[in-house]
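Below, each chain spelled out in residue letters.
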Amino acid sequence: MIQQVHSVGFTVSDMEQALAFYTGVLPFQLENDVEVYGEPYERLTGVFGARMRVVTLALGTEKIQLTQYIAPPGGRPIPADSRSNDLWFQHIAIVVSDMDAAYAILRENNVQHVSTAPQTLPDYIEAAAGVKAFYFRDPDGHNLELIWFPEGKGNPRWQNGNALFMGIDHTAIAVTDTDYSLRAYAHEDGFLNLAVAGESLNYGTEQEHLNGVFGCRVRITGLTPPEGIGVEFLDYLAPPGGHYPEEDAMANDLWYWEITMVTNDIESMFSELIAPLDQLVSSGIVTLPDQNPLGYQRAFIFRDRDGHAIKVISV
């Protein structure tokens, strides 16, 4: 059903501030900067009166999309006590060719830490042994990760790049039950049919200091689409008690993220797989105006069982 993970998007409070961070501190390149409003966009996002500035940025061959709601104002900030085991947690993992050099740039720009420092995962975590990683936040508090893969780990293409910041390997989402989520994301009868690429059980002091969660024990499952950014499940077996998304969460809240996926049969995907779940954000499949600046004609947004938003588009 899914041909590509097109991009990962999230809501920002101040686009100029966000661009200064993503194109100044980080080396994302501006691809598109547009403003949209009108009933189709309201029906797509579920936000009445929505007027949005939408900016598409690229790093390597991967894209992110930042959205600032010019109207209505007042989207809620990310809670100050948010942690990596909360169910609203999502991040993107930015691949670097030299962790020390990339981390030095973040330090020079006083970027907010989540991790104590870059961590090298130990040998007893076989699937991730030798991987270096670091969590940090953007000005709105969105979580981001730097990741470095040693030889033999990760997608082979990450071994061949010359740039310091090479691209986006995956977006990670916190889940309550890996097996349940796999039936939706990866089973042949699921609504997304992504492929399982690998699994790992991560624990120990390095993982704790990476995630900023004391005593964490996390089951990690990597999924790959036919093309584009991978998806990773983070299933915290310990500690318990991560916060759930607010029931009245809206797309203009700053904790809102969405994964944009491309399908060649949006009608079947909606009617057979999504609509029966009763987790729609949009009011059905929305047809956008001809030659609209977002680059796709039909779309809808739904939430998975843990509240993560997925936008399905037909280009």
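Reference entry: report on the structure contained in this document.

What counts as what
- Residues numbered from 1 in each chain as written.
- Predicted model: local features only at pLDDT ≥ 70, side-chain atom pairs only at ≥ 80, totals over all residues.
- Heavy atoms only, no water.
- Salt bridge = Lys/Arg side-chain N within 4 Å of Asp/Glu carboxyl O.
- Helix = DSSP H or I, 4+ residues; strand = E, 2+ residues; numbered from the N terminus.
- Buried < 20%, exposed > 50% of the residue type's maximum accessible area, 1.4 Å probe, protein only.
- Core = buried A, V, L, I, M, F, W, Y, C linked by side-chain atoms within 4.5 Å.
- 1 Å grid on protein atoms, 1.4 Å probe; cavity = no way out; pocket = protein on both sides within 12 Å on 5 of 7 lines; lining within 4 Å.
- Points joined across faces, edges and corners; volume = space filled by probe spheres on them.
- Nonpolar A, V, L, I, M, F, W, Y, C, P; charged D, E, K, R; others polar.
- Pairing = 2+ DSSP bridges.
- Contact = heavy atoms within 4.5 Å.
- Axes fitted to C-alpha atoms, helices over the stretch in contact; angles between N-to-C directions.
- Polar contact = N/O pair within 3.5 Å; in protein donor to acceptor, adjacent residues only side chain to side chain.
- Arc of directions from axis to C-beta.
- Phe/Tyr/Trp six-rings, centres within 6.5 Å; stacked < 30°, edge-to-face > 60°.

Considerations on the pattern of salt bridges
Scanning the entire structure with this criterion turns up 11 salt bridges. Taking the shortest distance from any N to any O, the salt bridge between Arg219 and Glu199 comes out at 3.2 Å. Taken together, the residues span a long stretch of sequence, with Arg219 in strand S12 (residues 217–224) and Glu199 in strand S11 (residues 195–203) at a distance of 20 residues. The exposure class of Arg219 is partly exposed, given its relative accessible area of 24%. Of the residues examined, Glu199 reaches a relative accessible area of 45% and is grouped as partly exposed. A salt bridge links Glu258 to Lys311, with the shortest nitrogen-to-oxygen separation between them at 2.9 Å. Of this pair, Glu258 sits in strand S14 (residues 257–262) while Lys311 sits in strand S17 (residues 309–314), and the two are 53 residues apart along the sequence. Taking relative accessible area as the criterion, Glu258 reaches 8% and is therefore assigned buried. By relative accessible area, which is 6% here, Lys311 ends up buried.

What about the nonpolar core?
By size, the foremost hydrophobic cluster in this structure holds 56 residues, and its most contacted members are Tyr22, Leu26, Phe28, Leu146 and Tyr185. Here this core gets 6 residues from one element, more than from any other, and that element is helix H1 (residues 15–25). If you look at the next biggest cluster of nonpolar residues, it comprises 21 residues, including Tyr41, Tyr256, Leu288 and Ile301.

A look at empty space enclosed by the protein
Taken as a whole and judged by the stated rule, the model has 3 cavities of 30 Å³ or more. Lining the largest cavity we find 18 residues, and of these Thr45, Met52, Thr67, Glu258 and Lys311 sit closest to its centre. Listing elements by their share of the lining of the largest cavity, those giving two or more residues are strand S1 (4–12), helix H2 (39–45), strand S3 (51–59) and strand S4 (62–71). When grouped by side-chain class, the residues that make up the lining of the largest cavity number 11 nonpolar, 5 polar and 2 charged.

Considerations on the sheet that holds S3
Backbone hydrogen bonds are what pair the strands of a sheet, in a parallel or an antiparallel way. If you trace the 8 strands from one edge of the open sheet to the other, you get S2-S3-S4-S1-S14-S17-S16-S15, paired in mixed fashion. On the outer flanks of this sheet lie strand S2 (29–37) and strand S15 (286–287), each paired with one strand and no other. Relative to S3, S2 runs antiparallel, the two sharing 8 bridges. Residue pairing across strands places Gln29 opposite Ala58, the latter belonging to S3. This element, H1, spans S1, S3 and S4 of the sheet and lies at about 0 degrees to S3.

Considerations on the environment of His6
The topology assignment puts His6 in strand S1. With 255 residues separating them in the primary sequence, His6 and Met261 have C-alpha atoms 5.4 Å apart. Once residues lying within four places of it in the same chain are set aside, the contact partners of His6 are Lys63, Thr260, Met261, Val262 and Ile313. A polar side-chain atom of His6 sits 3.0 Å from a polar atom in the side chain of Ser7.

Some thoughts on unusual backbone geometry
Along the chain, Ala71 connects to Pro72 via a cis peptide bond; the corresponding omega equals -10 degrees. You can see Pro72 is positioned in the loop between S4 and strand S5 (90–96). Between Ala238 and the following residue, Pro239, the backbone shows a cis peptide bond with an omega angle of -5 degrees. In this structure, Asn193 takes a positive phi of about 45 degrees despite not being glycine. Overall, Asn193 belongs to the partly exposed group, its relative accessible area being 33%. The phi angle at Gln291 is positive, at roughly 55 degrees, despite the residue not being glycine. The topology assignment puts Gln291 in the loop between S15 and strand S16 (298–303). You can call Gln291 exposed: its relative accessible area is 80%.

A few points about the environment of Ile2
Along the chain, the position of Ile2 falls in the segment before S1. Taking relative accessible area as the criterion, Ile2 reaches 3% and is therefore assigned buried. Sequence separation between Ile2 and Pro225 is 223 residues; the distance between their C-alpha atoms is 7.3 Å. Ignoring anything within four residues of it in the chain, the contact list for Ile2 reads Leu192, Asn193, Leu194, Pro226, Met261, Val262, Thr263 and Met269.

Thoughts on helix H4 (residues 178–185)
Every buried residue of H4 is listed here: Thr178, Ser181, Leu182, Ala184 and Tyr185. Looking straight down H4, one finds that the buried residues subtend no more than 160 degrees of arc, so they occupy a single side. In this structure, the buried residues of H4 make contact with strand S10 (165–175), S11, S12, strand S13 (230–238) and S17. At the N-terminal end of H4, a side-chain oxygen is found 3.1 Å from the backbone nitrogen of Asp179, two or three residues along, and the residue is Asp177.

With respect to the packing of aromatic side chains
Scanning all chains against the criterion turns up 12 aromatic pairs. A centroid spacing of 4.5 Å and a plane angle of 40 degrees characterise the contact between Phe10 and Trp257, whose relative ring orientation is tilted. In this pair, Phe10 sits in strand S1 while Trp257 sits in strand S14, placing the two residues 247 residues apart along the sequence. With 6.4 Å between their ring centres and 25 degrees between their planes, Trp88 and Trp255 make a pair best called stacked. In this pair, Trp88 sits in the loop between S4 and S5 while Trp255 sits in the loop between S13 and S14, placing the two residues 167 residues apart along the sequence. Owing to a relative accessible area of 11%, Trp88 belongs among the buried residues under this scheme. Note on Trp255: relative accessible area 10%, which makes it buried.

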